[in-house]
Amino acid sequence: MEDIDRQRTLEYFERLGKERVRLYAAIDCERFLGGWQVRELADQWLDAKEAEDGPRPLWRRLRGLRPVR
């Protein structure tokens, strides 16, 4: 994947948001986002977003609740 394509894809992920990217990647990444390279980029982007949010308590992770802000 070229740098310009990578940058455009990351900007697209930002517009979609974390929840929608996670949903699209889980359901059918090739249909909604593109090929395997985009799938790997989506996984990396989601990991980075999770790290930005910081660790959540175990009970919130298990229940899937969002942190209170």
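This text goes with the structure placed above it.
Residues numbered from 1 in each chain as written. Predicted model: local features only at pLDDT ≥ 70, side-chain atom pairs only at ≥ 80, totals over all residues. Heavy atoms only, no water.

A. The side chain of K49, seen in detail. Checked against the element boundaries, K49 lands in helix α3 (residues 36–53). Side-chain polar atoms of K49 contact the side chain of E14, separated by 3.0 Å. In contact with K49, not counting residues within four places along its chain, are E14 and K18. (Helix = DSSP H or I, 4+ residues; strand = E, 2+ residues; numbered from the N terminus. Polar contact = N/O pair within 3.5 Å; in protein donor to acceptor, adjacent residues only side chain to side chain. Contact = heavy atoms within 4.5 Å.)

B. Structural context of the nonpolar core. One finds F13, L16, V21, Y24, V38, L41, A42, W45 and L46 forming the largest nonpolar core, which totals nine residues. Breaking this core down by element, the ones donating at least two residues are α1 (3–16), α2 (18–32) and α3. Here L41 is in contact with M1, R6, T9, L10 and F13, once residues within four sequence places are set aside. (Core = buried A, V, L, I, M, F, W, Y, C linked by side-chain atoms within 4.5 Å. Buried < 20%, exposed > 50% of the residue type's maximum accessible area, 1.4 Å probe, protein only.)

C. Structural view of the packing of aromatic side chains. Applying the stated criterion across every chain, the model contains one aromatic pair. An angle of 55° between the planes, with centres 5.6 Å apart, marks the rings of F13 and W45 as tilted. Taken together, the residues F13 in helix α1 and W45 in helix α3 connect sequence positions 32 residues apart. Across the pair, exposure class does not vary: F13 and W45 are buried alike. (Phe/Tyr/Trp six-rings, centres within 6.5 Å; stacked < 30°, edge-to-face > 60°.)

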